Amino acid sequence: MSERVHTVIPAPRREAILSMLKRGERVDGRRADEYREVRVETGVVGNAEGSARVSIGHTKVIAGVKASLGSPFPDTPDKGIQIVYAELIPMASPIFEPGPPDENDVELARVIDRGLRSSSTIKLEELALVPGKHVWRIYIDIYPIDHDGNLMDASGLAAVAALLTSKIPKVSISSNGNLVMEEERVPLPIGDAPVFVTIAKIGDALVVDPCYEEELVMDARITFAIDKEDNVCAIQKGGRGSFSADEVVKALDLALSLAPELRSKLPPSPSDSH
Amino acid sequence: MGGAEGIKLLDEEGRRLDGRALNELRKCRIEAGVLKNANGSAYIELGRNKILVAVYGPREVHPRHEALPDRMLLRCKYSMLPFSVPDRKNPAPSRREVELSKVIREALEPAIFLEEYPRTTVDVYIEVIEADGSTRVASITAASVALADAGIPMRDLVAGVSVGKIEGKLAIDINGIEDQYGEGDMPIAMMPRLGEITLIQADGRFTRDEVVQALQMAREAIAKLYEEQKRALKEKYSRILEEVEGSEVMR
């Protein structure tokens with residue numbers, strides 16, 4: 001995108017978007033339930049255990065997975081550790097400022113974290129090598145590099161795609177009880193593969209996958225993480241507006257109807273391959 | 001989420017650990033106008049939760065460049081006191097508190113006529129004194145009373161409740177143990193009179209029909225909290241009235 005990105009939308013443009021929506025049209029010609037083109041590429045970073053680059057229209061996100069051995073949390077001695085981090089870097093948009101993570105970075109990371117955790121995307125119970133002592137810590141780092149709206153869904157796809165293609169060193173325990181990291185790498189133990197679907201409320205309209213301009217005029221947004229069995233494994237409402245109960249259910253039905261198509265963009269799960 | 005291997009959260013009769021039915025709120029008491037310095041304040045006890053909210057403003061925005069030309073800037077800070085939880089909480093803001101401050105602010109904003117006070121700010125300070133599950137929604141319930149107490153023009157109050165999933169069943173207003181060992185948590189806040197949802201989050205696993213049912217259960221519980229909110233506000237003004245009448249008698 002070469003045109004200047006606004007942080008505040010000019011009033012005439014806002015009016016145009018709203019009046020078009022009243023006629024059932026979106027600024028970029030999409031239907032209300034239509035995603036922009038979704039592309040998922042994996043294995044884009046050699047030094048990462050797994051990685052993915054995802055684009056939804058002009059929005060681009062890179063996610064990488066790194067694994068290291070560490071001690072477990074005291075309250076979950078028999079489980080590995082999942083750590084999701086996201087950083088809205090100034091490269092991605094003029095609205096992102098340099099500095100420590102703010103509430104937007106933290107919200108993005110925590111919603112993705114909940115979706116992954118609730119659906120057991122990583123089978124953390126299989127990542128305890130010596131329960132109480134040595135477990136795998138899996139870091140999922142998410143970096144939007146170009147922001148044209150809907151970072152949530154793009155980040156979710158990138159995180160899950162990176163995890164599905166991650167390989168970690170095989171670890172054996174020697175006779176004297178030491179951990180030995182072998183050359184051989186094995187896939188991460190994967191449970192489910194959730195997808196994140198975000199719906200924006202603009203006036204009376206509900207539209208899926210809002211682009212940046214739509215985010216500037218939207219009243220509120222709601223994100224659903226949907227697992228393979230059509231369970232909702234995370235919800236997050238954002239924005240200054242509100243939803244009626246009917247709108248929440250309509251948005252959920254929209255999310256459920258779009259989840260399979262979005263999931264089809266993901267690489268196969270390592271457990272599906274045999 | 002401890003899953004099935006944890007504690008038994010429901011007995012044979014379907015009662016919860018603290019004896020409540022699935023659709024039963026904990027005892028809730030709200031008091032308005034509890035702090036002298038704040039423009040508005042409220043205190044809520046919901047079961048063992050104890051939360052104080054102070055509202056300052058509308059006042060000048062500092063730093064000035066954060067002021068908005070077309071509306072009030074609402075700022076919100078949710079924090080847990082170090083001794084509010086079993087293991088001491090580090091007083092520095094956690095990532096959880098940063099996120100909750102944001103979603104609580106966005107749960108309150110729909111109720112406030114922000115455009116009536118451009119270039120000003122209202123600060124909402126939430127301090128959790130003791131925590132036992134569902135603190136974010138209890139904070140919202142108290143914060144909207146504190147905003148009303150400060151005289152901020154609002155469309156409606158906002159009240160919130162969490163719907164949890166314990167042993168496969170939906171339960172209203174989950175406490176700390178139910179949150180820790182249950183299968184899911186769905187905090188919901190609404191403007192009760194308008195029926196609009198201003199906060200909804202979830203973790204755990206819910207089917208579509210469970211989401212629909214949770215919305216209905218939340219609505220019923222929120223109607224009860226709304227009555228307590230209104231009672232607290234009315235009580236504050238009858239207290240003032242008594243004081244005024246008392247001082248007239250003195251004269």
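Just above, that's the structure.
What counts and what doesn't
- Residues numbered from 1 in each chain as written.
- Chains lettered and ligands numbered in written order.
- Predicted model: local features only at pLDDT ≥ 70, side-chain atom pairs only at ≥ 80, totals over all residues.
- Heavy atoms only, no water.
- Pairing = 2+ DSSP bridges.
- Helix = DSSP H or I, 4+ residues; strand = E, 2+ residues; numbered from the N terminus.
- Axes fitted to C-alpha atoms, helices over the stretch in contact; angles between N-to-C directions.
- Contact = heavy atoms within 4.5 Å.
- Expected span 1.5 Å × (residues − 1).
- Buried < 20%, exposed > 50% of the residue type's maximum accessible area, 1.4 Å probe, protein only.
- Buried area = accessible area lost by both parts, 1.4 Å probe.
- Salt bridge = Lys/Arg side-chain N within 4 Å of Asp/Glu carboxyl O.
- Polar contact = N/O pair within 3.5 Å; in protein donor to acceptor, adjacent residues only side chain to side chain.
- Nonpolar A, V, L, I, M, F, W, Y, C, P; charged D, E, K, R; others polar.

1. Some words on the sheet that holds strand 4 (residues 73–80) of chain B
Residues and elements named next belong to chain B. As summarised here, the arrangement of the 5 strands in space is 1-2-3-5-4, forming an open sheet in which the pairing is mixed. The open sheet is flanked by strand 1 (28–32) and strand 4, the only strands paired with a single partner. Here the strands of the sheet are splayed against their neighbours by 15° on average, with no regard to which way each runs. Relative to strand 4, helix 1 (residues 95–108) is tilted by about 140°, and along the sheet it contacts strand 4 and strand 5 (120–130).

2. Notes on helix 2 (residues 135–149) of chain B
Because the α-helix completes a turn every 3.6 residues, residues three or four places apart line up on one side. Between its first and last C-alpha atoms helix 2 of chain B spans 21 Å; for 15 residues at 1.5 Å apiece the expected length is 21 Å, and the two agree. Extensive coverage of helix 2 of chain B is indicated by the burial of 14 of its 15 residues.

3. What about the interface of chain A and chain B?
Facing the 38 residues of chain A at the interface are 33 residues of chain B. Summed over both sides, the interface of chain A with chain B buries roughly 3,100 Å², with 51% coming from carbon and sulfur. The three residues of chain A that bury the most area against chain B are Glu103(A), Ile235(A) and Arg240(A), which together make up 22% of that side's buried surface. A salt bridge links Glu196(B) to Lys201(A), with the shortest nitrogen-to-oxygen separation between them at 3.9 Å. Taken together, chain A and chain B are joined by 18 residue pairs in polar contact (both at pLDDT 80 or more). Sorting the residues of the side of chain A that touches chain B by element identifies strand 4 (81–86), helix 2 (103–118), strand 11 (220–226), strand 12 (232–238), strand 13 (243–244) and helix 5 (245–263) of chain A as the ones contributing at least two each. A total of 8 residues in the side of chain A that touches chain B trace back to one element, the largest contributor, which is helix 2 of chain A. The class makeup of the residues in the side of chain A that touches chain B is 15 nonpolar, 10 polar and 13 charged. Where strand 13 of chain A and strand 9 (residues 196–206) of chain B come together, 2 bridges link them in antiparallel fashion.

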